[in-house]
Amino acid sequence: MSHFHFVHSYQTLPPAFYTRITQTADFPAPQTLCFNHALAQQLGISAGAEDADIWCGNRFPDGAAPIAQAYAGHQFGHFALLGDGRALLLGEQQAPDGRLYDIQLKGSGKTPYSRRGDGKAAVAPMLREYLMSEAMHALGIATTRSLAVVRTGERVYRPRFPDGAVLVRSAQSHIRVGTFQFAAATGDIANIRALADYTLKRHFADIAADTPTQAYTEMLGQIIIRQAKLLAQWQSVGFVHGVMNTDNTSIAGETLDYGPCAFLDHYHPDTVFSSIDEHGRYRYANQPLIAEWNLARLAETLLPLLDTDESRALDSAHAQLAQFQTTFSTEYQHIMQQKLGLPPQTPHDLPAQLLQLMQDHRADYSNTFVRLSLRVGGSDAVLDGTQDLFDAPDFAEWYARWQQALQGQDLAQTTAQMRTANPFVIPRNAHVEAALAAAETGEMQPFMDLLTALQQPFAYTDSPSVYQSVPTTNEPYQTFCGT
């Protein structure tokens, strides 16, 4: 009996877009470290944690037709031809709801796109992606999902020679801005059109346009709107992606790739976590601008499809790109007012003023909003990283204005609104690192405990959670991509 119900629609694209993979991995002692039973059920997959040989790539399941996808990308602003250097797409699982979901192995070995890499991955980075992606899903933010992480039983060539691992990832698809850049780089408009038509069919089947040109234009607009809403959500929870290259920008509007990502501790708009982002290109405050820049690169690839006249095509692209800032600003303002219990339809300067106070006092981002949410409900629990802010005279002035703005509202409704907009628990950096360090030694319980807490991020209690503690050190926190 097959564990999967695979289709392979991506392989209807021209062969330039992928390379078939026939060689399986040869890992000596695969062991499943964590398995997402709820996601497997949702996808209609009957294989389980005991099928480690499938999840690491030692054996391809019935119905699989593995490929490595080709794509390009601007990496820190520099264009390069790329591809799945350490990932295999087993196929597209047709779930019980009829939708298709990519099932991808990450870290299973070399592919034709590996260049000088070994195509493998280490335990900690793969567990980080599992933890972060599932936390983002629980926060209600569009993301790829993690199905399993398997320890391979061999060491990989990295600093300290850590244990190797494979991540099993699901996604609406792995079509990226960089996939369209690859199509354009082939110099054949037929490849761009083929990819656009496939993307329309897979992700935008509801577009009903009179002409192909109108369909491509509307598709571009919908992609832009999805990304704008996604970035508003990122900013609202203090998420810093760390490597917003065009090859990590999903056409489906999902958060893709969890390499050097992290969440804000104390609030500062110029926060950078990635060890390789030396100039702060992907700093927290710059993320919306980078997303818009990436989408402009997408629009460039679609120009030949938007109009036969280059000037009109540019006007059409600019009109669609103009939606980004409008959508982002509206969505971000709406979320930030929800976080303060304010009526969403009434623009207010209180969120921006609070952020400035948080920056001035080095206040913790998440704990500040949680503490305000608790106060509305009558609790004055003190949370790490908020003491200096809440004792400051300038904050007292802001607080009085905020209380005045809330007058006349139903207290229970305001409390509920704030507690559904402000996560009680986030993947706080120090706790993530501690869980990953323990997992590297074979102790998985800290990881599983943290994962359990992150799967219920809005479960408020009157007492602080251990996962809300903030490091006392002022040493800058750095993350690494794991490649």
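Residues numbered from 1 in each chain as written. Predicted model: local features only at pLDDT ≥ 70, side-chain atom pairs only at ≥ 80, totals over all residues. Heavy atoms only, no water.

A. Region of the structure containing the packing of aromatic side chains. Here the structure, examined in full by the defined rule, presents 23 aromatic pairs. These aromatic residues form a ring-pair network of at least three members: Phe-390, Phe-395, Trp-398, Tyr-399 and Trp-402. Just above the ring of Trp-293 sits the side chain of Arg-281; from NZ or CZ to the centre is 4.9 Å. Geometry around Phe-369 places Lys-339 over its ring, the cationic atom sitting 4.4 Å from the centre. (Phe/Tyr/Trp six-rings, centres within 6.5 Å; stacked < 30°, edge-to-face > 60°. Lys NZ or Arg CZ within 6 Å of the ring centre and 35° of its normal.)

B. Local environment of the environment of Gln-42. Position of Gln-42 relative to the elements: it lies in helix α1 (residues 37-43). Separated by 73 residues in the primary sequence, Gln-42 and Arg-115 have C-alpha atoms spaced 36 Å apart. Residue contacts for Gln-42: discarding those within four places in its chain leaves Ala-95, Pro-96, Tyr-101 and Arg-145. (Helix = DSSP H or I, 4+ residues; strand = E, 2+ residues; numbered from the N terminus. Contact = heavy atoms within 4.5 Å.)

C. Main features of the UniProt feature "binding site: Mg(2+)" (unreviewed entry) in the chain. Mapped onto the present numbering, the UniProt feature "binding site: Mg(2+)" (unreviewed entry) falls on Asn-248 and Asp-257. Structurally, the position occupied by Asn-248 is in the loop between β11 (239-240) and β12 (262-263). Accessibility expressed as a relative area gives 12% for Asn-248, which makes it buried. Residues contacting Asn-248, with those up to four places away along its chain left out, are Arg-176, His-241, Val-243, Leu-256 and Asp-257. A polar contact is formed between the side chain of Asn-248 and the backbone oxygen of Val-243, at a distance of 3.0 Å. Its place among the elements puts Asp-257 in the loop between β11 and β12. With residues up to four places along the chain from it excluded, the contact list for Asp-257 reads Lys-106, Glu-129, Arg-169, His-241, Val-243 and Asn-248. (UniProt positions renumbered as here; feature names shortened; annotations may be inferred. Buried < 20%, exposed > 50% of the residue type's maximum accessible area, 1.4 Å probe, protein only. Polar contact = N/O pair within 3.5 Å; in protein donor to acceptor, adjacent residues only side chain to side chain.)

D. A look at the UniProt feature "active site" (unreviewed entry) in the chain. As annotated by UniProt and renumbered to match this structure, "active site" (unreviewed entry) occupies Asp-247. Take Asp-247: it is sitting in the loop between β11 and β12. Given the relative accessible area of 6%, Asp-247 is considered buried. The residues contacting Asp-247, other than those within four sequence positions of it, are Tyr-71, Ala-72, Gly-73, His-74, Gln-75, Leu-82, Arg-176, Gly-178 and Leu-256.

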